[in-house]
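# Examination of the molecular architecture
Each chain, letter by letter, is given below.
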Amino acid sequence: MSILTFRNVSLRYPPQPGRKGVGEKRVLDGINLQVASDELVAVIGRSGSGKTSLLNLAAGFLAPSTGTITVDGAPVRGPGADRAVVFQDDALYPWLDARDNVAFPLKLKGVPLGERRARAQALLDRVGLADAGDRNPWELSGGMRQRVGIARALAAEPRFLLLDEPLGALDALTRTRMQEFLLRIKAESGAGALLITHSIEEALLLGTRVVVLSPNPGRLTAEIEAGFNAEVRAGASVAAVKASPIFKRMHAGLTGLIHSGDDEELAA
Ligand SMILES: Nc1ncnc2c1ncn2[C@@H]1O[C@H](COP(=O)(O)OP(=O)(O)OP(=O)(O)O)[C@@H](O)[C@H]1O
């Protein structure tokens, strides 16, 4: 069991030179959060509350201003193969076919060509793209590209998947299918997951826990245990889960939490 831990983390962006009146920006403050391998922690919050900054800290793309981020007790000092990131834009390498995109992290690890091709093919099989290995990224649909991106993230056998709006660019139907897919693949991989999403519905559906980030500066102000992903993994349809009264109640409650304070802001 691995654990990703934020302990008392704050983040300030430095003043922007040349932009009058744009001083240092306090983005995150007093963040305490743990993600274990058997969890998918979904982070929701209003635009600008610091969700992507939080993920970038976990990825090691940014360093905290204060506090520590650790994986199994070892400080995160930069990007590492133990944490794989998937963004909204799949960011596949356009000059590589799907199989070689998936194999790319294995190349970086020095895995020999034959073995990495075989492992990449096995990953493509797992994400339902067994026959798409020879296709170029532009020959794939949005959902297929995102599955290649997820297969590539899994290639390095990370301890954590860091998912920044991975389904945000997909149409509603594909998104629902990909939500089921993401839950299955996450469970099979044994990796913990931190998911950033704008969608309260998606957070509730996929998260074992949902945390709410409130803005200015970003603080974790609420946390709820959501059991819906276990229902989906046990075979319940996403549509049936979303239609259940308990799901609707929790959705309304979270909407209220995220938007509390909006009226004061508008009045101010
Ligand atoms: N490199 C940077 N330098 C200065 N300020 C930044 C930088 N990156 C982000 N910010 C600011 O930090 C705040 C949080 O940004 P962040 O992208 O983490 O929020 P978010 O919750 O992911 O937003 P969204 O939901 O719109 O994607 C915003 O006010 C943003 O303008």
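Procedures and definitions
- Residues numbered from 1 in each chain as written.
- Predicted model: local features only at pLDDT ≥ 70, side-chain atom pairs only at ≥ 80, totals over all residues.
- Heavy atoms only, no water.
- Pairing = 2+ DSSP bridges.
- Helix = DSSP H or I, 4+ residues; strand = E, 2+ residues; numbered from the N terminus.
- Core = buried A, V, L, I, M, F, W, Y, C linked by side-chain atoms within 4.5 Å.
- Buried < 20%, exposed > 50% of the residue type's maximum accessible area, 1.4 Å probe, protein only.
- Domains from an automatic or database assignment.
- Contact = heavy atoms within 4.5 Å.
- Axes fitted to C-alpha atoms, helices over the stretch in contact; angles between N-to-C directions.
- Near = heavy atom within 4 Å.
- Polar contact = N/O pair within 3.5 Å; in protein donor to acceptor, adjacent residues only side chain to side chain.
- Areas by Shrake-Rupley, 256 points an atom, 1.4 Å probe, with all protein chains shown as cover.
- Nonpolar A, V, L, I, M, F, W, Y, C, P; charged D, E, K, R; others polar.

The name an unreviewed UniProt entry assigns to the protein is ABC transporter ATP-binding protein, from the organism Shinella oryzae.

### Comments concerning the pairing of strand β4 (residues 66-71)
Of the pairings in the sheet, the one linking strand β1 (residues 3-13) to β4 comprises five bridges and is antiparallel in character. Within β4, the position partnered with Ser 10 by the bridge is Thr 66. In this structure, β4 lies alongside strand β5 (residues 74-75), joined through two bridges in antiparallel fashion. Bridge assignment links Thr 70 to a residue of β5, and that residue is Pro 75.

### Here we look at the nonpolar core
The biggest cluster of nonpolar side chains holds 53 residues, and the ones touching the most others in it are Ile 44, Val 102, Val 148, Ile 150 and Leu 161. Looking at this core, the element that brings in the most residues is helix α4 (residues 142-155), giving seven residues. In this structure, this core is formed jointly by two domains, domain 1 (3-82 + 163-260) and domain 2 (92-157), each of which donates at least three residues. The residues touching Ile 44, leaving out its near neighbours within four places in the chain, are Lys 51, Thr 197, Ser 199, Ile 200, Ala 203, Val 210, Val 211, Val 212, Leu 213, Leu 254 and Ile 258. Judged by nonpolar contacts, the second largest core, of 25 residues, contains Leu 28, Ile 31, Val 41 and Leu 54.

### Description of the sheet that holds strand β2 (residues 25-36)
Strand order in this open sheet of four strands is β2-β1-β4-β5, and the pairing throughout is antiparallel. Because the sheet does not close on itself, it has two edges, and the strands there are β2 and β5. Relative to β1, helix α1 (residues 51-59) is tilted by about 120°, and along the sheet it contacts β1, β2 and β4.

### Details of the sheet that holds strand β10 (residues 219-225)
Pairing is mixed across the open sheet formed by six strands, whose spatial order is β6-β7-β8-β3-β9-β10. Looking along the sheet, the strands with just one partner apiece sit at the ends: β6 (83-86) and β10. Here the strands of the sheet are splayed against their neighbours by 20° on average, with no regard to which way each runs. α1 contacts β3 (40-45), β6, β7 (160-164), β8 (192-196) and β9 (209-214) of the sheet and is inclined by roughly 150° relative to β7. Most of the contacts of helix α9 (residues 245-259) go to β10, to which it runs at about 175°, and overall it touches β3, β9 and β10.

### Brief notes about the site of the ligand
Not every one of the 13 residues close to the ligand is listed here, only the nearest: Lys 25, Ser 47, Lys 51, Ser 53 and His 198. One of the side-chain N or O atoms of His 198 is found 2.7 Å from an oxygen atom in the ligand. Within the complex, the protein chains bury 64% of what would otherwise be the 640 Å² of accessible surface of the ligand. Top contributing element to the shell around the ligand by residue count: α1, with three residues. Residue composition of the shell around the ligand, by class: two nonpolar, eight polar and three charged.

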